Amino acid sequence: MASVAAKPLHLPAATAGELSSLTPYSTAASVSFSSPRSQSSFLGLRLALPLKTPCFRKRTEGRGLRIEAAAAARPTVLVAEKLGDAGLELLRGFANVDCSYNLAPEELCAKISLCDALIVRSGTKVTREVFEAAKGRLKVVGRAGVGIDNVDLQAATEHGCLVVNAPTANTVAAAEHGIALLASMARNVAQADASMKAGKWQRNKYVGVSLVGKTLVVMGFGKVGSEVARRAKGLGMHVIAHDPYAPADRARAIGVELVSFDEAISAADFISLHMPLTPSTAKLFNDETFAKVKKGVRIINVARGGVIDEDALVRALDDGTVAQAALDVFTVEPPPKDSKLVMHEKVTVTPHLGASTVEAQEGVAIEIAEAVIGALKGELAATAVNAPMVPAEVLSELAPYVILAEKLGRLAVQLVAGGSGVKGVKVVYKSARDPDDLDTRILRAMITKGIIEPISSVFVNIVNADYTAKQRGLRISEERIFHDDTPEIPLDSIQVQLSNVESKFASALSDAGDIRVEGRVKDGIPHLTLVGSFSVDVSLEGNLILCRQVDQPGMIGHVGIILGNQNVNINFMSVGRTAPRKHAIMAIGVDEEPDKETLKKIGEIPAIEEFVFLGL
Ligand SMILES: NC(=O)C1=CN([C@@H]2O[C@H](COP(=O)(O)OP(=O)(O)OC[C@H]3O[C@@H](n4cnc5c(N)ncnc54)[C@H](O)[C@@H]3O)[C@@H](O)[C@H]2O)C=CC1
Ligand SMILES: O=C(O)C(=O)COP(=O)(O)O
């Protein structure tokens, strides 16, 4: 069936213009969107993080209406570890703040279902049980620091909970602490201090080693590692680094050569650890590694205790393989009181103080408070750990397309006969942009949300969209088609195709047999522009009735009278035809949901061959 031009019929009804101007809008500080029907689940871009209790008000503006989130109930933020005052102040300006420190795991689980956000440092384990106990209310976990190894990211993602961290504010503090440990270990400062305080004067016992000219290996050349490298070079050390993922030119710019792991450990006089704790770095320093190091190496760990096999380190210290160690972090914190490692005379220890400077704690508190508030407002956090980071300007530009994407998904799935048999989804983006200049991750997430939510009880957002699709066996493929237009406009159209399904509205099937709906953004408003092979033109707001009919005069009036008699307001109508007086599709936007009787009457109009009611 050939695709034909749409014949949009703009109804004069006052509400038509009003409703079609339900535009998403952005405030100065944020990009957030609301939609009258899917408000509470509009996490997707509101950004996947709506409060569960939003309320909306209509505001007359010129001829149209805008719907905006009115002051929602204040969210509750649980601060489970000591946070700087500046951050607490920011949080209190926006939310109810419950500072409850040292909670036992079961106490945390008991509280969490009353909280929209949780802020922790390294001392709180945010386990799967916590996310389960949250019962869907927890929207964001803020880690006031860098390492997120204490947060079960997989569980967070599965529960649609955003995790944000504060990755920059404590970098210098951690690097300075690393240098402090390096220098104090080399000169036995801690041991000599303890000895003097015990009344001794042991000048011969505490002869140290010099740093100048020694080779320092920085393991993990990220933010902290590179700051340590800079400082160590200032002390006259020869610095090399190992980091499988760091760009060599960044290292070169600091005058540091990146080498292999084995090269690094065999050359090192000192090794300073600055990588995250992940499955691949856990116990990276073990008996096997210590067997390869230069005898008498000294190790500093300000990263995570778990990257060292602590028993192996004790053995290496005992047999002199490792001359000394300076440790700020431990596999279990606090470590057991009788820990051989902590008590070892060749070991200098601090109780995880890397980030603990006045300046860093102030900075981290502000950084995490801003990230958590932003997330609760629905903005995509720049420090999101388990969601795509999309720059604000990209978000702002894609805003109406995000709404279009969700509505197309929602609409397509409602056209499926039987409900949930969707397995294959193809999304076709028509755009004048270079594919690299069009980030479609959010659009894909919103289409996924639109497809899954109407047929399940799952709450889908930008955080868990890909995971949820995979869980349900939903394969989503994307295709870009070049559209010869100005690249200023990100997209010409989005088409959603559902393959291998039957439709309750046969006209929605394309010639290839898949359900096919396409939409465009016109003047900032998402429009449905194609159903199956029929072109239509109807703004995607409220509800939609699609009818296939024999194209003949009087049809619009006929349907309009039935709906009018039931006080159902039509806000938009569009007719797409194959050829005059043959078949046509009528797309009718209605404000209210017609009752069954009314729908039945429409179906009984002799010229109507099939019809379907779709909630958007
Ligand atoms: N003791 C403390 O209070 C503090 C500890 N930290 C810890 O320091 C570590 C580094 O933090 P940042 O520099 O901010 O993180 P970052 O993400 O900027 O740097 C980590 C670097 O480690 C590299 N890496 C990953 N796997 C590696 C491997 N197998 N071998 C070598 N390098 C590897 C990454 O490529 C990255 O460049 C983290 O574990 C963090 O939790 C950070 C701040 C304070
Ligand atoms: O930021 C990090 O990774 C740290 O280890 C700092 O931990 P803390 O916030 O001091 O418990």
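Calculation notes
- Residues numbered from 1 in each chain as written.
- Chains lettered and ligands numbered in written order.
- Predicted model: local features only at pLDDT ≥ 70, side-chain atom pairs only at ≥ 80, totals over all residues.
- Heavy atoms only, no water.
- Buried < 20%, exposed > 50% of the residue type's maximum accessible area, 1.4 Å probe, protein only.
- Helix = DSSP H or I, 4+ residues; strand = E, 2+ residues; numbered from the N terminus.
- Pairing = 2+ DSSP bridges.
- Right-handed = clockwise from strand over helix to strand, strands pointing away.
- UniProt positions renumbered as here; feature names shortened; annotations may be inferred.
- Near = heavy atom within 4 Å.
- Polar contact = N/O pair within 3.5 Å; in protein donor to acceptor, adjacent residues only side chain to side chain.
- Areas by Shrake-Rupley, 256 points an atom, 1.4 Å probe, with all protein chains shown as cover.
- Nonpolar A, V, L, I, M, F, W, Y, C, P; charged D, E, K, R; others polar.
- Contact = heavy atoms within 4.5 Å.
- Axes fitted to C-alpha atoms, helices over the stretch in contact; angles between N-to-C directions.
- Phe/Tyr/Trp six-rings, centres within 6.5 Å; stacked < 30°, edge-to-face > 60°.
- Core = buried A, V, L, I, M, F, W, Y, C linked by side-chain atoms within 4.5 Å.
- Parallel < 35°, antiparallel > 145°, perpendicular 65-115°, else oblique.
- Left-handed = near helix turned anticlockwise from the far one by under 90°.

Asker: Would you mind going over the pairing of strand β10 (residues 162-165) with me for this structure?
Answerer: Looking down a regular strand, the side chains alternate between one sheet face and the other. On β10, burial covers both faces: Leu162 and Val164 on one face and Val163 and Asn165 on the other are all buried. Pairing of strand β9 (residues 140-143) with β10, which is carried by 4 bridges, proceeds in the parallel orientation. If you follow Val141 over to β10, its bridge partner there is Val163. A crossover links β9 with its parallel partner β10, the connecting element being helix α5 (residues 153-158), and its sense is right-handed.

Asker: Help me out: how do you make sense of the UniProt feature "domain: S-adenosyl-L-homocysteine hydrolase NAD binding" (unreviewed entry) in the protein chain in this one?
Answerer: The UniProt feature table records "domain: S-adenosyl-L-homocysteine hydrolase NAD binding" (unreviewed entry) at residues 204-320. Annotation note: span residues 204-320, helix share 32%, strand share 18%, distance between end C-alpha atoms 19 Å.

Asker: Which parts of the structure should I look at to understand the site of ligand 2?
Answerer: If you check the shell around ligand 2, you find Arg121, Ser122, Arg143, Ala144, Gly145, Val146, Gly147, Asn170, Arg304, His352 and Ala355 and nothing else. Between an oxygen atom of ligand 2 and a side-chain N or O atom of His352, the distance comes to 2.6 Å. For ligand 2, whose unbound accessible area comes to 320 Å², protein coverage reaches 89%.

Asker: Looking at this model, I keep getting lost on the site of ligand 1. Mind explaining?
Answerer: Residues in contact with ligand 1 amount to 25 residues; listed here are only the nearest, Lys223, Val224, Asp243, Val302 and Asp328. Asp328 has a polar side-chain atom sitting 3.0 Å from a nitrogen atom of ligand 1. Considering ligand 1 on its own, with 850 Å² of exposed area, one finds that the protein chains cover 88% of that surface. Residue composition of the shell around ligand 1, grouped by class: 12 nonpolar, 9 polar and 4 charged.

Asker: Help me out: how do you make sense of the sheet that holds strand β12 (residues 238-242) in this one?
Answerer: Each strand in a sheet pairs with its neighbour through backbone hydrogen bonds, running either in the same direction (parallel) or in the opposite one (antiparallel). Spatial strand order, β13-β12-β11-β14-β15-β16-β17: 7 strands in an open sheet with parallel pairing. A strand with exactly one partner marks an edge of an open sheet, and here the two such strands are β13 (257-258) and β17 (347-349). Where strand β15 (residues 297-301) and strand β16 (residues 322-327) come together, 5 bridges link them in parallel fashion. If you follow Val297 over to β16, its bridge partner there is Val322. Taken strand by strand, helix α8 (residues 223-234) contacts β11 (215-219), β12 and β14 (270-273), and its axis lies near 170 degrees from that of β11.

Asker: Help me understand unusual backbone geometry, please; the structure alone is not making it clear to me.
Answerer: A negative phi holds for most residues other than glycine; trans holds for most peptide bonds. With an omega of -10 degrees, the peptide bond between Glu333 and Pro334 qualifies as cis. Relative to the helices and strands, Pro334 is located in the loop between β16 and α13 (340-343). A positive phi is found at Asn102, a non-glycine position, where the angle reads about 55 degrees. Here Asn102 shows up in the loop between β7 (96-99) and α3 (105-112). Non-glycine residue Asn500 carries a positive phi angle of around 55 degrees. Mapped onto the fold, Asn500 is located in the loop between β20 (493-499) and β21 (515-522).

Asker: Help me out: how do you make sense of the environment of Gly589 in this one?
Answerer: Along the chain, the position of Gly589 falls in strand β26 (residues 583-590). As for Gly589 and Gln154, which are separated by 435 residues in sequence, their C-alpha atoms are 41 Å apart. Here Gly589 is in contact with Val538, Asn543, Leu544, Asn569, Ile570, Asn571 and Phe572, once residues within four sequence places are set aside.

Asker: Help me understand the environment of Glu333, please; the structure alone is not making it clear to me.
Answerer: When you line up the elements, Glu333 lands in the loop between β16 and α13. When the C-alpha positions of Glu333 and Ser122 are compared, they lie 9.2 Å apart, and in sequence the two are 211 residues distant. Ignoring sequence-local partners within four residues, the contact set of Glu333 consists of Asp328 and His352. Polar side-chain contacts of Glu333 include one of 2.9 Å to the backbone nitrogen of Phe330. Within the structure, Glu333 has its side chain in polar contact with the side chain of His352 (distance 2.7 Å).

Asker: Explain the packing of aromatic side chains to me, please; I cannot follow it from the model alone.
Answerer: The final tally for this structure, using the stated rule, is 2 aromatic pairs. When the centroid spacing of 6.3 Å and the interplanar angle of 50 degrees are considered together, the rings of Phe285 and Phe290 count as tilted. Using a relative accessible area of 1% as the deciding quantity, one classes Phe285 as buried. Through successive ring pairs, a cluster of aromatic residues spans Phe261, Phe285 and Phe290.

Asker: What should I look at first to understand the pairing of strand β24 (residues 543-550) in this one?
Answerer: In terms of residue burial, β24 counts as a mostly covered element, since 6 of its 8 residues are buried. Across 8 bridges, β24 lies against β26 in antiparallel orientation. The partner of Leu546 across the bridge, within β26, is Ala587. In this structure, β24 lies alongside strand β27 (residues 608-615), joined through 7 bridges in antiparallel fashion. Looking across to β27, one finds that Gln549 is bridged to Ile608.

Asker: What should I look at first to understand the sheet that holds β7 in this one?
Answerer: Pairing in this open sheet of 5 strands is parallel, and the strands run β7-β6-β8-β9-β10 from one edge to the other. Looking at the sheet topology across the chains shown, the edges are occupied by β7 and β10. Each strand of the sheet is rotated relative to its neighbour by a mean of 20 degrees, with strand direction disregarded. Pairing between strand β6 (residues 76-79) and strand β8 (residues 117-120): 3 bridges, direction parallel. Residue pairing across strands places Val77 opposite Ala117, the latter belonging to β8. In this fold helix α2 (residues 85-92) packs onto β6, β7 and β8, with an angle of close to 140 degrees to the strand it touches most, β7. Seen against the sheet, helix α14 (residues 358-377) touches β6, β8, β9 and β10 and runs at an angle of roughly 170 degrees to β9.

Asker: Looking at this structure, I do not really get the nonpolar core. What am I missing?
Answerer: A general trend in soluble globular proteins is that nonpolar side chains are found buried together. Counting residues in each nonpolar core, the largest one holds 81 residues, and the members touching the most others are Leu91, Leu415, Ile494, Leu498 and Leu528. Of all the elements, helix α15 (residues 392-414) adds the most residues to this core, at 10 residues. Dropping the residues within four chain positions of it, Ile494 is found in contact with Tyr401, Leu404, Ala405, Leu408, Val427, Val428, Tyr429, Leu443, Ile447, Val517, Glu518 and Gly519. In terms of nonpolar packing, the next biggest core, distinct from the first, is built from 30 residues, Val297, Phe330, Leu341 and Val347 among them.

Asker: Any chance you could explain the packing of helix α18 (residues 555-565) against helix α19 (residues 596-604) here in plain terms?
Answerer: Between two packed helices, the angle of one axis relative to the other and the distance separating the axes together describe the packing. At a closest axis distance of 10 Å, the pairing of α18 and α19 adopts a crossing angle of 165 degrees. Compared by their axis directions, α18 and α19 come out roughly antiparallel. α19 is crossed by α18, and the crossing has right-handed handedness. Between α18, through Val559, Ile562 and Leu563, and α19, the contact on the second element is made entirely by Thr598, Lys601 and Ile602.

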